[in-house]
Amino acid sequence: ISGPDWEIMPNVGIGMNYYDVDGFTTKADNPSWNKHFKGDSNTYGVLLAGLNGAKRWAKEGKRYYIEGSLGMEQVIGDNDIQIEQSIPGITSQTARVKQDISNSSFVGKLGFGVEIGKRYELKVLGAAKFNSDYASYGAQVVFGVRF
C-alpha cells in the first residue's frame, strides 16, 4: 500500500542473532573467595514477520523521511543461556545454570533521516525488542554515500 509520499509494506524474512558475554572474576578482600564466571556465546536463527512504513517530504532542497517497523521474531533452534560459576582454590565443583529464553519477541524500530542532495543521507534509528524474559534497546546513527 502506498501513496505519493508514504508507504506501508509487509516484511517477512529470516535472520541471525548472536550474543557473546565475556567471562570474569570478582575480586574479594580474601582472594580465596573470588568467584569466576565463565563466558557464554550463542548463535541462532530467527523468522521475522511484520510491517514497515515510511513517510517522506521535502523542504528547502532536502528530502526528509520517517520510517518505522513493528513485528514478531520467532527463534529457530536453541537460544538458551548457560552460566557457570566456580570459586577457584576452594572447590573444583562448578555450578551450572541453564535458562530457557522465550522463543517469541515483539520488535520495533523508528528512524528519522534526511537525504542531502542526490548522494548523501543521514539517519538516526532506535530499536527495541521485548520478550517475556528480557527487553533490549539499541540506537544507530548512519551516514551514507550513494555511488
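Just so we're clear, the structure is a prediction, and the values are computed from it rather than from any experiment. (Residues numbered from 1 in each chain as written. Predicted model: local features only at pLDDT ≥ 70, side-chain atom pairs only at ≥ 80, totals over all residues. Heavy atoms only, no water.)

**Student:** Where do I start with the pattern of salt bridges in this structure?
**Tutor:** Close approach of charged atoms allows side chains of opposite charge to pair. Scanning the entire structure with this criterion turns up seven salt bridges. Taking the shortest distance from any N to any O, the salt bridge between glutamate 115 and arginine 146 comes out at 3.6 Å. With glutamate 115 in strand β8 (residues 104-116) and arginine 146 in the segment after β10 (135-145), the pair connects residues that are 31 residues apart, well separated along the chain. Given a relative accessible area of 34%, arginine 146 falls into the partly exposed group. Between glutamate 121 and arginine 146 there is a salt bridge, and its shortest N-O distance comes to 3.5 Å. Taken together, the residues span a long stretch of sequence, with glutamate 121 in strand β9 (residues 120-131) and arginine 146 in the segment after β10 at a distance of 25 residues. (Salt bridge = Lys/Arg side-chain N within 4 Å of Asp/Glu carboxyl O. Helix = DSSP H or I, 4+ residues; strand = E, 2+ residues; numbered from the N terminus. Buried < 20%, exposed > 50% of the residue type's maximum accessible area, 1.4 Å probe, protein only.)

**Student:** What am I meant to see in unusual backbone geometry here?
**Tutor:** Where the residue is not glycine, phi is negative for most of them; where a peptide bond is considered, it is trans in most cases. One non-glycine residue, glutamate 60, adopts positive backbone phi at about 50 degrees. Note on placement: glutamate 60 falls in the loop between β4 (40-59) and β5 (62-76). By relative accessible area, which is 72% here, glutamate 60 ends up exposed.

**Student:** What's the story with the environment of methionine 72 in this structure? I'm lost.
**Tutor:** Mapping methionine 72 onto the fold places it in strand β5. Along the primary structure methionine 72 and phenylalanine 130 are separated by 58 residues, whereas in three dimensions their C-alpha atoms are 9.6 Å apart. If we ignore the near neighbours within four places in the chain, the residues touching methionine 72 are Leu47, Leu48, Ala49, Ser104, Ser105, Phe106 and Val107. (Contact = heavy atoms within 4.5 Å.)

**Student:** I tried to follow the confidence of the model for the protein on my own but got confused; where do I start?
**Tutor:** The predicted structure's coordinates, where accompanied by low pLDDT, should not be read in detail. Within the protein, residue pLDDT values average 87, and 96% of them lie at 70 or more. Taken element by element, the protein is modelled with least confidence in strand β6 (residues 81-86), mean pLDDT 74, and with most confidence in β9, mean pLDDT 95. (pLDDT = per-residue confidence, 0-100.)

**Student:** Sorry if this is basic, but what is going on with the pairing of β5 here?
**Tutor:** Every other side chain in a regular strand lies on the same face of the sheet, so the side chains alternate between the two faces. Looking at chain direction, β4 and β5 are connected through 15 bridges and run antiparallel. Within β5, the position partnered with leucine 51 by the bridge is leucine 70. Counting the residues between successive antiparallel strands, the hairpin from β4 to β5 contains two residues, one of them, glutamate 60, with a positive phi of roughly 50 degrees. For β5 and β8, the ladder comprises 12 bridges, and the chain directions are antiparallel. Note on β8: the bridge partner recorded for leucine 70 is glycine 108. (Pairing = 2+ DSSP bridges.)

**Student:** It is not clear to me how the layout of surface pockets should be interpreted in this structure. Could you clarify?
**Tutor:** It is a probe the size of a water molecule, rolled over the atoms, that shows where empty space is left. What the largest pocket holds in volume is close to 540 Å³. Lining of the largest pocket is provided by 30 residues; of these, Ser69, Val107, Gly108, Lys109 and Ala127 occupy positions nearest its centre. Secondary-structure elements contributing two or more residues to the lining of the largest pocket are β1 (6-21), β4, β5, β8, β9 and β10. Looking at the lining of the largest pocket element by element, the count peaks at eight residues for β4. (1 Å grid on protein atoms, 1.4 Å probe; cavity = no way out; pocket = protein on both sides within 12 Å on 5 of 7 lines; lining within 4 Å. Points joined across faces, edges and corners; volume = space filled by probe spheres on them.)

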